[in-house]
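Observations on the model geometry
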Amino acid sequence: MASSSIFGLCGALLIGMGLYGFITHPHLLRRLLAFNVIGSGIFLLFGATAARLPSAATDPVPQALIITGIVVALAATALGVGLVLAYARVTGRTTLPEDGAPTDPGKPPR
Amino acid sequence: MSVSLAIVALVTAPLVAALIAVILPRWGPWLSLLVVAGNAAALVVLIPAIVSQGALTLPIGGWQAPLGITLRADGMALAFLTMAALVMAAVLVSARPEFGGGGEVTETRRQWAFWPLALLLWSALNVVFLSRDLFNLYVALELLTVSAVALVAIDGKADGLGAALRYLMFALLGSLAYLLGAALLYAQHGTLDIALLADQAIGGRAAVDMMAVGLMTAGLAAKTALFPFHAWLQPAHSGAPAPASAMLSALVPKASFAILIRIWFEALPGLATPPLLVTLGAMGAIAIVYGSVLALRQTRLKLMIAYSTVAQIGYLFLIFPLAGGDSYMQPWAAGAWTGVMFHALSHGLAKASMFLCAGLWIVAAGSDRIEAMRGLASATPMIASAFALAAVTLVGLPPSGGFTAKYLMLTSAFVSGQYVWAAVLLIGGLLSAAYLYRPLAVAFARDGDAVFKPVPRLAQAMPLMLALAAILLGLASQGPFALMQIGRPSSAEAGLQ
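Residues numbered from 1 in each chain as written. Chains lettered and ligands numbered in written order. Predicted model: local features only at pLDDT ≥ 70, side-chain atom pairs only at ≥ 80, totals over all residues. Heavy atoms only, no water.

**With respect to the overall build of chain B**
Inclusion rule: By the criteria applied, helices consist of DSSP H or I runs no shorter than four residues and strands consist of E runs no shorter than two, each listed in order from the N terminus. Throughout, radius of gyration means the C-alpha value; the globule benchmark is 2.2 Å times the number of residues raised to the power 0.38. For the exposure calls, accessible area comes from a 1.4 Å probe over protein chains only, and a residue counts as buried if that area is under 20% of its type's maximum, exposed if over 50%, partly exposed in between. Throughout, a residue-residue contact means that at least one pair of heavy atoms, one from each residue, lies within 4.5 Å. Areas reported here follow the Shrake-Rupley algorithm with a probe of radius 1.4 Å; residue values treat only the protein chains shown as occluding.
Counting secondary structure elements, chain B contains 23 helices and two strands. Taking 2.2 N^0.38 as the reference for a compact globule, 497 residues should give roughly 23 Å; the C-alpha atoms of chain B span a radius of gyration of 21 Å, in line with that estimate. Counting only C-alpha atoms, chain B reaches 70 × 55 × 45 Å along its principal axes. In chain B, which comprises 497 residues, the share counted as buried stands at 63%. In chain B, the proportion of contacts linking residues at least 24 apart, taken out of those at least 6 apart, comes to 81%. In the structure as shown, chain B presents an accessible area of about 16600 Å², 70% of it carried by carbon and sulfur atoms.

Dropping the structure here:
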């Protein structure tokens, strides 16, 4: 199997795992981590497409796009972590109310 | 030369001002006014230029499309840019009392954060309307989302933070879906430039393209808050401070919608199939009915307006069945396309006006319950007339921009024989009349024993200006109509097939 195919399949696997984590875990920090796992999967897949023509040289454009994408994902994650921290500090909760997870015992709901 | 400068200024002026406002917090309000003036000047240069020369293209830094990023000022872009400029001008002026800091008052975090965030949002919006590169659009969309989420959380209270987090979760998944779609498109075509994609993909309906566009559409629909993905909208839009709500509700959904139009009508117009178009239209139709019914049941003004946004976003998605699918007859598909554009513009103006009205009324009445607004019309006549005019536009009564929009959409629905969508349009109009009647009836009631806080005149004038602009869009619809035809995609004439 060509190495680009292996990278592509790994990317797809990461996307699937991340999506599973995003949906099943109501904990907000875990969701942010899952978002990053999905993102890494997409970047890996994107990188693998750079070598899609075995004859030609590797296409450098996806690398540039991936780096930009990583910066964007980093910014979004930073904002997300900041919001989760502020939310946990104000409410004492780490999940959103309607997501069905038990709230921390002993803390009043909001 | 001055034309390229104008295009560049539209993107960079708010961005630079936002960065300066981070460093020099007290300058925020003044910088914003400067950007409003600069943006207006750029539009004054650009609009006559594209009316006389047609759509203008600017390859950034002289790098041509496959490698570089192209900005293109066509009629649709300029119509949206102008709407955004009007809304932002009103929002930035009316935000001064709340976020301007009184000079002697110690500065709070929200006063510091508001101006850079609003300016960043504006910059991202302008890029979304101008850019022709799908990855550049992704970055702009992310900048837009991040600043919008931060604006929702700006008060740092539990409700706002929860709403912002819910919004962020939807938006993150949406942007990942979009990014994956973009990666697949790049793998298939080796370019993400809209014009080059359109050249490559003529007639083809490759499975990869279908999957990519499906992912991008789902992601963008989540960001636009189309019906099944709308759960984040009402807490976010009703929980934010009024000037922020106005931007969030009037402008932010239009950005992701504009990208959807670029993809479906310009980049890959050959992909649409009748079942797909009907599905998108059906989601829009459900959004119209569901949002309107829930808006009817709200007792809080801002929540009602937020649910009204859910409904009004539904109309945007009627563009898919009306300008495509069965309506192959050319003039009517074009009418539907233009009608939906008119709807997007008039909704932007009217909804921003309405949220600004709501913000002032809540300050005046000290509560956001609709019942608390009893008799407010005599105390704040300008706000009441602004709210009434905005309601006229949202219901779609003549002579407003909303009427022009509904008229064009209805005509194309009838002529193409798609009576279902016509019925949806009419029911939606009736329902919106019903839910907008209630706050107006309460405000105009004549039992004036309640005492209200006074509202500054300038703040009252801003929503009125927006509502009048929305009416003017209908009264003088010739100008915008002609503008939107410039550089319009040919598939908007022929219909998606």
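**Details of the environment of B:Arg369**
Residue and element names in this part refer to chain B. Tracing the backbone shows Arg369 in the loop between α16 (330-365) and α17 (376-379). Separated by 68 residues in the primary sequence, Arg369 and Leu301 place their C-alpha atoms 5.9 Å from one another. Not counting residues within four places of it along the chain, the set of residues in contact with Arg369 comprises Thr299 and Arg300.

**Some words on the environment of B:Leu220**
Positionally, B:Leu220 belongs in helix α9 (residues 207-224). Here the alpha-carbon distance between B:Leu220 and B:Glu142, two residues 78 residues apart in the chain, equals 11 Å.

**Comments concerning the interface of chain A and chain B**
Going by this rule: Buried area adds together the accessible area that both of two parts lose upon being put together, with accessible area traced by a 1.4 Å probe. One speaks of a salt bridge when a side-chain nitrogen belonging to Lys or Arg is within 4 Å of a carboxyl oxygen belonging to Asp or Glu. Each polar contact in these results corresponds to two N or O atoms within 3.5 Å; when the atoms are within protein, one needs to be able to donate a hydrogen and the other to accept it, and residues that are neighboring in sequence are counted only if both atoms are side-chain atoms.
Every contact between the two is made by 36 residues of chain A and, on the other side, 29 residues of chain B. Interface area, chain A with chain B, both sides summed: about 2800 Å², of which 85% is carbon and sulfur. Inspection of the region where chain A meets chain B yields zero salt bridges. Where chain A meets chain B, there are one residue pair in polar contact (both at pLDDT 80 or more). With 15 residues, helix α3 (residues 61-91) of chain A is the single largest residue contributor to the side of chain A that touches chain B.

**Observations concerning the environment of B:Pro66**
All names here are of chain B. Within the element layout of this structure, Pro66 appears in the loop between β1 (56-59) and β2 (70-73). The sequence separation of Pro66 and Arg132 amounts to 66 residues, and the corresponding C-alpha distance is 11 Å. Apart from residues no more than four positions distant in its own chain, Pro66 is found in contact with Thr191 and Leu196.

**Thoughts on the pairing of β2(B)**
Residues and elements named next belong to chain B. Note the threshold: Here a strand pair is declared whenever DSSP counts at least two bridges between the two strands.
By the alternation rule, side chains of β2 split into Thr70 and Arg72 and Leu71 and Ala73, which are all buried. Where β1 meets β2, four bridges bridge the pair, whose relative direction is antiparallel. Opposite Thr57, over in β2, you have Arg72 as the bridge partner.

**As for the pattern of salt bridges**
Residues and elements named next belong to chain B. Scanning the model with the defined rule gives nine salt bridges over all chains in all. For Arg72, the salt bridge is made with Asp74, and the minimal N-O distance between the two is 3.3 Å. Taken individually, Arg72 and Asp74 each receive the classification buried, so the pair is uniform in this respect. The salt bridge partner of Glu266 is Arg262, with a shortest N-O separation of 2.9 Å.

**Observations regarding the layout of surface pockets**
If you roll a probe as big as a water molecule over the atoms, it shows you where there is empty space left. Keep this limit in mind: Definitions used for this entry: grid spacing 1 Å over protein atoms alone; cavity, a set of points where a 1.4 Å probe fits but cannot get out; pocket, an open set with protein on both sides within 12 Å along at least 5 of 7 lines; lining residue, one with an atom within 4 Å of a point. Grid points are joined across faces, edges and corners, and a volume is the space filled by probe spheres set on the points. Throughout, the ten residues Ala, Val, Leu, Ile, Met, Phe, Trp, Tyr, Cys and Pro are labelled nonpolar, Asp, Glu, Lys and Arg are labelled charged, and all others, Gly among them, are labelled polar.
What the largest pocket holds in volume is close to 1000 Å³. Lining the largest pocket are 40 residues; nearest its centre among them are B:Ser238, B:Gly239, B:Ala240, B:Pro241 and B:Lys302. Of all elements in the fold, only α4 (96-99), α7 (158-189), α10 (233-239), α11 (242-250), α14 (301-316) and α16 of chain B reach the threshold of two or more residues within the lining of the largest pocket. Here the element with the most residues in the lining of the largest pocket is α7(B); it accounts for six residues. Taken together, the residues of the lining of the largest pocket break down into 22 nonpolar, seven polar and 11 charged. Volume-wise, the second largest pocket comes out at about 580 Å³. If you go around the second largest pocket, you meet 26 residues; those closest to its centre are A:Leu79, B:Leu117, B:Val146, B:Ser147 and B:Ala150. If you list the elements that add at least two residues to the lining of the second largest pocket, you get α3 of chain A together with α5 (109-130) and α6 (134-152) of chain B. Examining the composition of the lining of the second largest pocket, we find that eight residues originate from one element, α3(A), more than from any other. When grouped by side-chain class, the residues that make up the lining of the second largest pocket number 20 nonpolar, three polar and three charged.

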